[in-house]
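# Overview (structure and organization)
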Amino acid sequence: MRLDPFYLIVDGADWIERLVPLGVRLVQLRIKGRDEAYLRAEIRRARETCARHGCRLVVNDHWRLAIEEGCEAVHLGQEDLAAADRAAIRRAGLRLGLSSHDPRELEAALAAGPDYVALGPIYPTVLKRMTWAPQGLDRLADWKRRVAPLPLVAIGGLTPERLSGVFEAGADCAAVVTDVLRHPDPEARTRDWLAATTVWR
Ligand SMILES: Cc1ncc(COP(=O)(O)OP(=O)(O)O)c(N)n1
Ligand SMILES: Cc1nc(C(=O)O)sc1CCOP(=O)(O)O
Ligand SMILES: [Mg+2]
């Protein structure tokens, strides 16, 4: 699986309608704490928008809905993975991205046969409470050696200014939430990310 180097993560289909038309090629819909009807409607809208704009959509957590809505990819954390029906995910032809935060989780992720592996948080993140200290770039380089030839996604506290370090350490792709969604001008920041990742595309 070849990943675009810019992986935008958003919490609603409205964001996808705003930002994907700017040229985003890889987006994750990450919605927490909503009921199934809401999630299904959001996934459907996101899928339609992404299909129109040639953007790959990854659904976070909700693999059953992703299958039912004919999506292409899901991202699961370790607890999500333990509870998921991997055979059903594979039968549906879904691509699978997995989180990892330590060597034990990396081993479990690789054993599940993913299409990419994510490592985080590379830098401190304000998005969610994490029990792991920032991993840093040396850890990322170590992960690259263990994960290749699968693509490696870096996540956590990333900004355009931090991208060269992250890609030079071995990441194939950089995922972001806060730096774009909480920017005063998310459209302009999305363009900054697209420009900053051009050289890695
Ligand atoms: C690309 C990417 N990497 C890591 C995560 C985190 O997934 P998870 O550990 O399941 O945590 P939540 O995002 O569900 O809170 C991700 N979503 N995407
Ligand atoms: C959702 C998520 N998962 C992480 C992990 O390490 O698995 S770090 C993270 C937050 C990423 O958001 P931001 O770009 O705002 O720091
Ligand atoms: Mg999850």
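Residues numbered from 1 in each chain as written. Chains lettered and ligands numbered in written order. Predicted model: local features only at pLDDT ≥ 70, side-chain atom pairs only at ≥ 80, totals over all residues.

Labelled according to an unreviewed UniProt entry, the protein appears under the name Thiamine-phosphate synthase, originating from Tistlia consotensis USBA 355. Its UniProt record, at the heading Pathway (unreviewed entry), says of the protein: "Cofactor biosynthesis; thiamine diphosphate biosynthesis; thiamine phosphate from 4-amino-2-methyl-5-diphosphomethylpyrimidine and 4-methyl-5-(2-phosphoethyl)-thiazole: step 1/1." Per UniProt, the comment on the protein under Sequence similarities (unreviewed entry) is "Belongs to the thiamine-phosphate synthase family." (UniProt positions renumbered as here; feature names shortened; annotations may be inferred.)

### Overview of the site of ligand 1
The immediate surroundings of ligand 1 are formed by 16 residues, with Gly-77, Ser-99, Ala-118, Ile-155 and Ala-175 found nearest. Looking at the shell around ligand 1, the elements with two or more residues in it are β5 (95-100) and β7 (152-155). Residues belonging to the shell around ligand 1 are distributed by class as follows: 5 nonpolar, 7 polar and 4 charged. (Near = placed C-beta within 6 Å. Helix = DSSP H or I, 4+ residues; strand = E, 2+ residues; numbered from the N terminus. Nonpolar A, V, L, I, M, F, W, Y, C, P; charged D, E, K, R; others polar.)

### Some thoughts on the environment of Cys-50
Turning to its location among the elements, Cys-50 is positioned in helix α2 (residues 36-53). Classification of Cys-50 by C-beta neighbours within 10 Å gives buried; the count is 23. For Cys-50 and Ala-195, which are 145 residues apart along the polypeptide, the C-alpha to C-alpha distance reads 20 Å. Leave out the neighbours within four places in its chain, and Cys-50 touches Ile-16, Val-20, Val-27, Cys-55, Arg-56 and Leu-57. (Buried ≥ 20, exposed ≤ 12 C-beta atoms within 10 Å, placed from the backbone. Contact = placed C-beta atoms within 7 Å.)

### Side note on the sheet that holds strand β2 (residues 26-29)
The pairing of strands in a sheet happens through backbone hydrogen bonds and is either parallel or antiparallel. On the basis of which strands lie adjacent, the closed barrel formed by 8 strands has the order β1-β2-β3-β4-β5-β6-β7-β8 and parallel pairing. Averaged over all pairs of adjacent strands, the angle between their axes in this sheet comes to 25 degrees, without regard to strand direction. As judged from the 3 bridges shared by β7 and strand β8 (residues 173-176), these two strands associate in the parallel manner. Note on β8: the bridge partner recorded for Val-153 is Cys-173. (Pairing = 2+ DSSP bridges. Axes fitted to C-alpha atoms, helices over the stretch in contact; angles between N-to-C directions.)

### Some points on unusual backbone geometry
A cis amide bond links Gly-120 with the next residue in sequence, Pro-121, at an omega value of -10 degrees. Within the secondary structure, Pro-121 sits in the loop between β6 (116-119) and α7 (136-147). A cis amide bond links Ala-148 with the next residue in sequence, Pro-149, at an omega value of 10 degrees. Relative to the elements of secondary structure, Pro-149 occurs in the loop between α7 and β7. Unusually for a residue other than glycine, Asp-61 sits at a positive phi of about 70 degrees. By the secondary structure assignment, Asp-61 is in the loop between β3 (56-60) and α3 (63-68).

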